[in-house]
Amino acid sequence: MTDNMDRRATGDPDLSVEIGRIKLPNPVITCSGTFSHGEEHQPFYDISVLGAVTTKSYSLKPKKGNPGPRICETASGVLNSIGLQNDGIDIFLTSHLAWMQEKDARVILSIFGRDLEEFKKVALKVLDIKSEILALELNLSCPNIEQGGKAFCAMPEEVEKVVDGVASLLDIPVIAKLSPNHDNIVQSVQSAKRGGAEAVSIINTVIGMAVDIETERPMLGNITGGLSGPAIKPIALAKVFALSQENILPIIGMGGVFDHIDVLEFMMVGASVVGIGTANLIDYDAGIKIITGLKNYLKSKNIDSIKSFIGRLKI
Ligand SMILES: Cc1cc2nc3c(=O)[nH]c(=O)nc-3n(C[C@H](O)[C@H](O)[C@H](O)COP(=O)(O)O)c2cc1C
């Protein structure tokens, strides 16, 4: 039976979505760094049900990350300063990728670099296995060593250089992941488009800080960190909405998504795909619960296709 015939037989709504060349069976993906590759979650549900799994961000060489403490709770959010700790792209390619394939996960590989050259070197490593991944997501919130450590996405011209540098090496979809911490996000998305990006992921964490009055120290070893979770959902919705009004590139929305209602809110303001981040740290089966919630909601409202939610907001 085809997917359509399957759905008609069960009365299930069509959850499939597309962003450029990327086709997904449903709009629910995991956010980079919050799901590893899915090893901890697979005992709770079959991770192949997800629209896709975005890996943690990989650099050319292993990276130790920031000094601890690296994570702390705040009112309705989590503050982290992991510092992009990872094993290096070679370990992903020689071990984690095979595990993900064995589990039939659709893979979005997140990468980063200290400069354009490192981004290109990591991308070149992927050349031989490019048919095994759906897309490369570029984490452009990381520091650009050539620009005094300022984030790549603080400078739209750097966004274009990196996206173009990677996209022209590999014929696979490239997603630019941007931060809400700069006021030039529209220009950065335009630059990402000029560089050849297929879509943008909005938003990475919001810079924040927490203090312990007893120790008189910051809660994080790195002093500041990135805020995620429900506290940032309104910020993320506003960014996605503003960008969807500009209609530059398809949007993967994320920030504080905990249930299927949150997913539909992001789709209404213009996201085609939605990421679950911090929820994975709290609710190990958030992915399957959210997908089931979407299916049941659409069924209860007699809505055939989830695509009809994209940009449906009345203003
Ligand atoms: C513990 C933790 C680690 C993260 N690591 C990465 C990372 O390696 N690369 C990246 O692009 N974003 C990373 N993020 C940001 C998330 O992918 C996501 O953009 C952000 O947390 C907003 O979504 P949320 O509020 O649902 O968590 C991380 C977030 C958390 C909480």
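For the structure, see preceding data.
Now for a quick tour of the structure.

Within the protein chain, the regular secondary structure consists of nine helices and 18 strands. Taken over C-alpha atoms, the radius of gyration comes to 19 Å for the protein chain, in line with the 20 Å a tight globule of 315 residues would show. Each principal axis of the C-alpha atoms in the protein chain carries an extent, and together these give about 55 × 50 × 40 Å. Every one of the 315 residues in the protein chain was classed for burial, and the buried ones make up 48%. Taking the intrachain contacts of the protein chain between residues at least 6 apart in sequence as the baseline, contacts between residues at least 24 apart amount to 71%.

Within the structure, the ligand sits among 24 residues, and Cys31, Gly33, Ser228, Gly277 and Thr278 are positioned closest to it. In the shell around the ligand, the residues fall into seven nonpolar, 15 polar and two charged.

Okay, the environment of threonine 30 next. Assignment of secondary structure puts threonine 30 in strand S3 (residues 28–30). In this structure, the C-alpha to C-alpha distance between threonine 30 and alanine 75, residues 45 residues apart in sequence, is 23 Å. Here threonine 30 is in contact with Phe35, Leu50, Val53, Thr54, Gly275, Ile276, Asn280 and Gly287, once residues within four sequence places are set aside.

The next subject is helix H7 (residues 260–268). When you tally the buried positions in H7, you get seven out of nine residues, the bulk of the element. Here H7 has its buried residues at His260, Asp262, Val263, Leu264, Glu265, Phe266 and Met267. Where the residues of H7 are buried, they touch S3, helix H6 (233–246), strand S17 (251–254), strand S18 (273–276) and helix H9 (286–300). Glycine 270 occupies a position one or two residues after H7 and carries a positive phi of about 130 degrees.

Overall, antiparallel pairing links the four strands, which are arranged S5-S6-S16-S13 in an open sheet. Two strands close off the open sheet at either side, each with one partner strand: strand S5 (71–74) and strand S13 (206–209). Direction aside, neighbouring strands of the sheet carry axes that sit 40 degrees apart on average.

Here isoleucine 282 lies in helix H8 (residues 279–282). Between the C-alpha atoms of isoleucine 282 and phenylalanine 258, which are 24 residues apart in sequence, the distance is 9.5 Å.

Turning to the pairing of strand S8 (residues 135–139), a few remarks are in order. Among the five residues that make up S8, five are buried, leaving the element largely enclosed by the rest of the structure. Judged by which residues are buried, S8 turns out to be covered on both faces: Ala135, Glu137 and Asn139 on one side and Leu136 and Leu138 on the other are all buried. The sheet contact formed by strand S7 (residues 107–111) and S8 spans four bridges and is parallel. By the bridge assignment, isoleucine 108 is partnered in S8 with alanine 135. The parallel pair S7 and S8, bridged by helix H3 (residues 116–126), forms a crossover whose chirality is right-handed.

Glancing now at the sheet that holds S7. Taken together, eight strands build an open sheet; the order of strands is S3-S18-S17-S12-S11-S8-S7-S4 and the sheet is parallel. The outermost strands of the open sheet, each flanked by one partner alone, are S3 and strand S4 (53–58). With strand direction ignored, the average angle separating the axes of adjacent strands in the sheet is 25 degrees. Pairing of S3 with S18 involves three bridges; the strand directions are parallel. Within S18, the residue paired with threonine 30 across the bridge is isoleucine 276. This element, H6, spans strand S12 (199–202) and S17 of the sheet and lies at about 165 degrees to S17.

About the cut-offs
- Residues numbered from 1 in each chain as written.
- Predicted model: local features only at pLDDT ≥ 70, side-chain atom pairs only at ≥ 80, totals over all residues.
- Helix = DSSP H or I, 4+ residues; strand = E, 2+ residues; numbered from the N terminus.
- Rg over C-alpha atoms; globule rule 2.2 N^0.38 Å.
- Buried ≥ 20, exposed ≤ 12 C-beta atoms within 10 Å, placed from the backbone.
- Contact = placed C-beta atoms within 7 Å.
- Near = placed C-beta within 6 Å.
- Nonpolar A, V, L, I, M, F, W, Y, C, P; charged D, E, K, R; others polar.
- Pairing = 2+ DSSP bridges.
- Axes fitted to C-alpha atoms, helices over the stretch in contact; angles between N-to-C directions.
- Right-handed = clockwise from strand over helix to strand, strands pointing away.

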